[in-house]
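# Tertiary structure, described
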Amino acid sequence: MKIKNNVRYFRRLLDMTQEELSEGIGVHRQTIIAIEKQKHNPSIDVVLLLASTLNKSVEELFFFEESKVN
């Protein structure tokens, strides 16, 4: 299973830039880019800050993608 996220989707719904989100939670903009591109799984403190800032539950932001079994 791979962890996926909806961070970009919910950030855009709030008309928030990556820079604004990164400043709001205290990380570099590159961190937000990596999270949105599914290249980085953030620490739990960053996950909780993202959820709080985007006004969403952790489960709405992060989820497991089921791998297909043949």
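The following refers to the structure shown. Counting of residues starts from 1 at the beginning of each chain's written sequence and follows it residue by residue. Only residues with pLDDT of 70 or above have their local features reported here, since the model is predicted, and side-chain atom pairs are shown and tallied only from 80 upward, although totals for entire chains, interfaces and linings are computed over all residues. With hydrogens and water set aside, each side-chain value is computed from the structure's full complement of heavy atoms.

### Here's the deal with the overall build of the protein
Counting its secondary structure elements, the protein contains 5 helices and 2 strands. The helix count covers DSSP runs of H or I at least four residues long, the strand count covers runs of E at least two residues long, and both are numbered beginning at the N terminus. Going from the N terminus to the C terminus, the protein shows its helices and strands as β-α-α-α-α-α-β. Two things to know: the radius of gyration comes from C-alpha atoms, and the globule rule equals 2.2 Å times the number of residues to the power 0.38. Relative to its length of 70 residues, the protein is compact, with a C-alpha radius of gyration of 12 Å against a globular reference of 11 Å. Across its three principal axes, the protein shows a C-alpha extent of roughly 45 × 20 × 20 Å.

### Some details on the nonpolar core
Counting residues in each nonpolar core, the largest one holds 14 residues, and the members touching the most others are Val7, Leu21, Leu50, Leu54, Leu61 and Phe62. Going through the elements one at a time, helix H1 (7-13), helix H2 (18-25), helix H3 (29-36) and helix H4 (44-54) are the ones with two or more residues in this core. It is H4 that contributes the most residues to this core, 5 residues altogether. Every residue in contact with Leu50, bar those within four places of it in the chain, is listed here: Val7, Leu21, Ile25, Ile32, Ile35, Leu61 and Phe62. For the purposes of this section, nonpolar cores are sets of buried Ala, Val, Leu, Ile, Met, Phe, Trp, Tyr and Cys residues that join through side-chain atoms within 4.5 Å. Buried residues are those whose accessible area, probed at 1.4 Å on protein chains only, stays under 20% of the maximum for their type, while exposed residues exceed 50% and partly exposed ones sit between those limits. In this analysis, two residues are considered to be in contact whenever any of their non-hydrogen atoms come within 4.5 Å of each other.

### Side note on the packing of aromatic side chains
In this scheme Phe, Tyr and Trp rings, the latter by its six-membered ring, pair at centre separations within 6.5 Å, and the angle between planes marks the pair as stacked below 30 degrees, edge-to-face above 60, and tilted otherwise. Under the defined criterion, the tally for this structure stands at 1 aromatic pair. Geometrically, the ring pair formed by Tyr9 and Phe10 is edge-to-face, given 5.0 Å between the ring centres and 75 degrees between the ring planes. Take Phe10: its relative accessible area is 12%, and that puts it in the buried class.

### Structural notes on the side chain of Arg11
One can find Arg11 in helix H1. In this view, Arg11 contacts Met16, Thr17, Gln18, Leu21, Glu36 and Leu54; residues no more than four positions away in its chain are not counted.

### Re unusual backbone geometry
Look at Asp15: it is not a glycine, yet its phi comes out positive at around 55 degrees. Counting through the fold element by element, Asp15 comes out in the loop between H1 and H2.

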